[in-house]
Amino acid sequence: MKKICLVLIILLAAGSFVFASGAQGGSGGAAAGGSALIGIAMPETHVLRWQKDGASLKTEAEKRGYRAEVAFGDADQTQQNRQIQGFLTQGAKLLVVGNINDGVNSVIADAARDKVAVIAYDRLIMGSADYDYYITFDNFKVGQFQGQGIEQGLNLASATAASPKYITLFAGSPTDNNSKFFFDGAMSVLNPYIDKGVLKVVGPYPKTSADNANFQRIATENWQAPLAKTRMENLLSNDARDVVLDAVLAPNDTLARAIIEACLADAKYAGGKLPVVTGQDAEFDSALSIKNGQQYMTVFKDTAKLAEAAVILADQILKGQTPNVPGASLASGSLTSIGDTGRKVVKAYLLEPVIITKNNISVPVNAGFYTDAEAAQLR
Ligand code: BGC
């Protein structure tokens, strides 16, 4: 009798272990012989990085013996939801999702119901309690670098209220949680100069993203370059008509180039005296523009490293291991809130961005971020 009881206890314990790992979305990799399907949902292709992210994620997953499929949502959440539903129907064991807006939550809930683990990739999925992991760069730092670029480029430390510098502000998509981090990081550097009167804002001035009404006025729906270009043209012929702009806070390279295009079509700037324009992503076209003295700076986020780290995290989750991601640090202390979706605090893993100006374009080049032909043009 004692023996039967012991066997029963062991069986029950084993059963609850399987259940527990299933609840973490853990019935993939090891158990399924490594051929489990990972569904990769990327938000868009009009910003180049996502094409690279999609390709790197697929390669990294396949390198580790998984099957992987990539879908791009074309900045349309309904389309991305259909793609994610498709992954679930095909029996995907884990999803890597760079979402478009909060409309993704219904399919994230479906994934949780199917015990499929979700990693929010680069962008935190807000308002959901149905997933546990987030991996990204330190986005507040990205914004701080943009602010520092302007600080250096305009030599704000020596600027005076008698002869102030003029700036206009742009932000990314209002539906992308990262946009707030970028903006608040940049303004944490710029606000003290604005308060002192040595830097003046032309056009709407949200001091932080918490000023939602003004933030919406400077935001760029779905990171669409034509919208930023039109807004810049309007600023140049209205609010900024009677001043010469010294700087434009642009949240990424795609929008930076659209803003520069608008400036170049204006007689005041066409001669080459462009404002200091910021960016991020170290896109080749912007790196070249920096080398040629047009765009002032960018931020290098090595997305190949992000993809590799995300797949290492995925592998560990699928194997039911406690995640330990080389090259990424688990946000703790005051950074823990980076994983706060508003309904739950998920584990957030952070990689480090690098500020890039004309002086260190070699950093992304040497990291192998460009094709050989592109790299040759940047050397
Ligand atoms: C990413 C940026 C990118 C932007 C537009 C953000 O969420 O962090 O790297 O430029 O989306 O796609």
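Residues numbered from 1 in each chain as written. Predicted model: local features only at pLDDT ≥ 70, side-chain atom pairs only at ≥ 80, totals over all residues. Heavy atoms only, no water.

Undergrad: How should I be thinking about the overall build of the chain in this particular structure?
TA: Secondary structure summary: the chain contains 14 helices and 13 strands in total. Along the longest, intermediate and shortest principal axes, the C-alpha atoms of the chain span 95 × 45 × 35 Å. Across the 379 residues of the chain, 53% fall into the buried class. Accessible surface computed for the chain: about 15900 Å², of which carbon and sulfur atoms make up 54%. (Helix = DSSP H or I, 4+ residues; strand = E, 2+ residues; numbered from the N terminus. Buried < 20%, exposed > 50% of the residue type's maximum accessible area, 1.4 Å probe, protein only. Areas by Shrake-Rupley, 256 points an atom, 1.4 Å probe, with all protein chains shown as cover.)

Undergrad: Looking at this structure, I do not really get the pairing of strand β3 (residues 94-97). What am I missing?
TA: Regular strands place their side chains on alternate faces of the sheet. Residues Leu94 and Val96 line one face of β3 and the alternating positions Leu95 and Val97 line the opposite face, and both faces are buried. Bridging between strand β1 (residues 37-42) and β3 involves four bridges; their strand directions are parallel. Within β3, the position partnered with Gly39 by the bridge is Leu95. Inspection of the sheet shows β3 paired to strand β4 (residues 117-121) by four bridges, in the parallel sense. Paired with Leu94 across the strands is Ala117, a residue of β4. Between the parallel pair β3 and β4, the chain is carried across by helix α4 (residues 105-113), and the sense of this crossover is right-handed. (Pairing = 2+ DSSP bridges. Right-handed = clockwise from strand over helix to strand, strands pointing away.)

Undergrad: Explain the environment of Arg123 here, please?
TA: One can find Arg123 in the loop between β4 and β5 (133-137). The contact partners of Arg123, leaving out residues within four places of it in the chain, are Pro43, Glu44, Trp50, Asn99, Ile100, Tyr134, Asp176, Asn178 and Trp223. At 2.9 Å, the side chain of Arg123 forms a polar contact with the side chain of Asp176. (Contact = heavy atoms within 4.5 Å. Polar contact = N/O pair within 3.5 Å; in protein donor to acceptor, adjacent residues only side chain to side chain.)

Undergrad: Can you walk me through the sheet that holds strand β2 (residues 67-72) in this structure?
TA: By definition, the strands of a sheet pair up through backbone hydrogen bonds, in either a parallel or an antiparallel sense. Read from one edge to the other, the open sheet built from seven strands follows the order β2-β1-β3-β4-β5-β12-β11, with strand pairing classed as mixed. Since the sheet does not close on itself, it has two edges, and those belong to β2 and β11 (329-330), each with one partner. Bridge count between β5 and strand β12 (residues 347-351): five bridges; the pairing is parallel. Paired with Thr136 across the strands is Leu350, a residue of β12. Lying on the sheet, helix α3 (residues 77-89) is in contact with β1, β2 and β3; it crosses β1 at an angle near 180 degrees. Helix α12 (residues 303-318) rests against β1, β3, β4, β5 and β12 of the sheet, and its axis sits at about 165 degrees to β4. (Axes fitted to C-alpha atoms, helices over the stretch in contact; angles between N-to-C directions.)

Undergrad: Got a minute to help me understand unusual backbone geometry in this structure?
TA: One can expect most non-glycine residues to show negative phi and most peptide bonds to be in trans. Non-glycine residue Asp281 carries a positive phi angle of around 110 degrees. As for its placement among the helices and strands, Asp281 is situated in the loop between β9 (276-277) and α11 (284-291). In this structure Asp281 comes out as buried when scored by relative accessible area, which is 7%. Non-glycine residue Ala282 carries a positive phi angle of around 50 degrees. With respect to the secondary-structure elements, Ala282 resides in the loop between β9 and α11.

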